[in-house]
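Residue strings, one per chain:
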Amino acid sequence: MTAQVIDGKAFSAKIREKVASDVTALQDKHGIKPGLAVVIVGEDAASTIYVNSKIKQTSEAGMESFHFALPDTISEADLVAKVHELNADDRVNGILVQLPLPKHIHESAVIEAIAPEKDVDGFHVINSGLLATGGKGMVPCTPLGCLLMLKDTLGDLSGMKAVVIGRSNIVGKPMAQLLLQENCTVTLAHSRTRDLAGEVKQADIVVAAVGVSELVKGDWIKKGATVIDVGMNRIPAPERGEGKVRLTGDVAYDEAAQNAAYITPVPGGVGPMTIACLLRNTVTAACRQAGLDDNDL
Ligand code: NAP
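Since we're looking at a predicted model, the values are computed, not measured.

Cut-offs used in this document
Residues numbered from 1 in each chain as written. Predicted model: local features only at pLDDT ≥ 70, side-chain atom pairs only at ≥ 80, totals over all residues. Heavy atoms only, no water. Salt bridge = Lys/Arg side-chain N within 4 Å of Asp/Glu carboxyl O. Helix = DSSP H or I, 4+ residues; strand = E, 2+ residues; numbered from the N terminus. Contact = heavy atoms within 4.5 Å. 1 Å grid on protein atoms, 1.4 Å probe; cavity = no way out; pocket = protein on both sides within 12 Å on 5 of 7 lines; lining within 4 Å. Points joined across faces, edges and corners; volume = space filled by probe spheres on them. Nonpolar A, V, L, I, M, F, W, Y, C, P; charged D, E, K, R; others polar. Expected span 1.5 Å × (residues − 1). Buried < 20%, exposed > 50% of the residue type's maximum accessible area, 1.4 Å probe, protein only.

1. Let's talk about the pattern of salt bridges
Point 1. Evaluation of the coordinates by the stated rule reveals eight salt bridges.
Point 2. Salt-bridge contacts for aspartate 22 lead to lysine 18; the nearest nitrogen and oxygen are separated by 2.9 Å. Pair noted here: aspartate 22 and lysine 18 are both in helix H1 (residues 8-30), with a separation of four residues, about one helical turn.
Point 3. Note that glutamate 182 is salt-bridged to lysine 151, the shortest N-O span being 3.2 Å. Linking glutamate 182 in the loop between helix H7 (172-181) and strand S6 (185-189) with lysine 151 in helix H6 (residues 141-154), this pair joins segments that are 31 residues apart in sequence.

Structure, rendered in structure tokens:
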């Protein structure tokens with residue numbers, strides 16, 4: 001068996017098209033132009049690339065984009081004050097503070113300062129609580145993107161056995177909650193899991209969000225399983241020239257594709273879905289803040 005590739009690039013383009021048409025409809029029918037504020041602190045190269053692409057795609061979707069580049073010497077109090085200012089700004093429906101933040105700033109203090117209804121990253125404790133209790137909050141973008149791909153590929157996930165590897169607050173835990181809501185039987189594995197291979201071998205759905213290049217081997221994958229690889233690992237690639245790197249996932253792709261029915265590539269799988277879901281969350285936030293039913297979008 002050679003797996004069918006789940007094309008995150010093509011799927012994310014469809015989501016962005018839908019976001020753009022929702023934005024036009026919101027403007028035409030209700031005079032609302034959703035706005036996303038992105039705050040970046042310092043000049044981390046990877047963060048700057050992510051932020052620039054978020055800003056570009058926000059504008060391309062017809063939304064208002066606000067960008068704040070703050071020095072890495074900013075105090076926690078001043079950053080929190082900036083967040084409060086954005087909370088009070090009616091043009092801003094979504095606020096994203098790019099992580100990581102400099103060491104002298106507590107990330108949790110900044111995230112908890114964001115108004116939960118504007119927390120389009122879905123990291124606020126109110127939104128994690130709503131997700132855990134089946135409420136209607138903002139859902140973190142990366143796991144939301146993974147779920148949309150799974151449902152688009154497999155349809156009803158009910159009764160499937162899912163193994164999520166990684167228990168971070170931004171990927172693994174919300175992913176497990178989302179799969180549970182879809183009536184999967186979920187195992188949440190991590191670095192202390194005793195027999196990771198044995199757990200993965202039972203799974204109909206494997207989501208790997210670890211940060212260890214090609215940790216998941218091909219023979220761990222059950223025949224016909226669906227594999228979602230969240231990992232983005234930059235490893236040295238001397239064959240491409242001195243100092244060059246290449247991007248790998250957490251799954252040994254070529255081997256795993258021999259057993260899986262469906263698999264996401266790295267790059268071109270989960271990555272593009274994350275920003276598309278950020279745009280989608282911003283539209284959802286704008287609708288809810290205006291008292292409109294986002295289910296109609
Ligand atoms: P993280 O906060 O570092 O969490 C990693 C998790 O993996 C932890 O729960 C850790 O377990 C577990 N783990 C580490 N080594 C393990 C091992 N050998 N066996 C089993 N579990 C192990 O990472 P993250 O922020 O969730 O990100 C995970 C990966 O996804 C990274 O490669 C990141 O770059 C990527 N990512 C991609 C996107 C995207 O848009 N494509 C977005 C976010 C993240 P413990 O809890 O026991 O330490």
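And the narrative resumes.
2. Side note on the side chain of threonine 226
Point 1. For threonine 226, the location among the structural elements is in strand S8 (residues 226-229).
Point 2. With sequence-adjacent residues up to four places away left out, threonine 226 is seen in contact with Ile6, Leu150, Leu154, Asp204, Ile205, Val206 and Tyr262.

3. As for the layout of surface pockets
Point 1. Here the largest pocket is characterised by a volume of approximately 1,200 Å³.
Point 2. Lining the largest pocket are 44 residues, and of these Tyr50, Gln98, Thr142, Met232 and Thr274 sit closest to its centre.
Point 3. Considered class by class, the residues forming the lining of the second largest pocket number 13 nonpolar, seven polar and eight charged.

4. Details of unusual backbone geometry
Point 1. In this model, leucine 99 is joined to proline 100 through a cis peptide bond whose omega is 0 degrees.
Point 2. That bond from valine 266 to proline 267 is cis: its omega, 0 degrees, falls within 30 degrees of zero.
Point 3. Phi angles above zero are rare outside glycine, and asparagine 183 is one such case at about 70 degrees.
Point 4. Positive phi values are uncommon outside glycine, yet glutamate 214 reaches one of about 50 degrees.
Point 5. Inspection of the secondary structure assignment puts glutamate 214 in the loop between strand S7 (205-208) and S8.

5. Examining H1
Point 1. Along its 23 residues, H1 runs 32 Å from first to last C-alpha, staying within 8% of the 33 Å computed at 1.5 Å per residue.
Point 2. Restricting attention to buried positions, one finds in H1 the residues Gly8, Phe11, Ser12, Ile15, Val19, Asp22, Val23 and Leu26.
Point 3. Residues of H1 that are buried sit in contact with H6 and helix H10 (270-289).
Point 4. Immediately downstream of H1, the backbone of glycine 31 shows phi near 65 degrees, a positive value.

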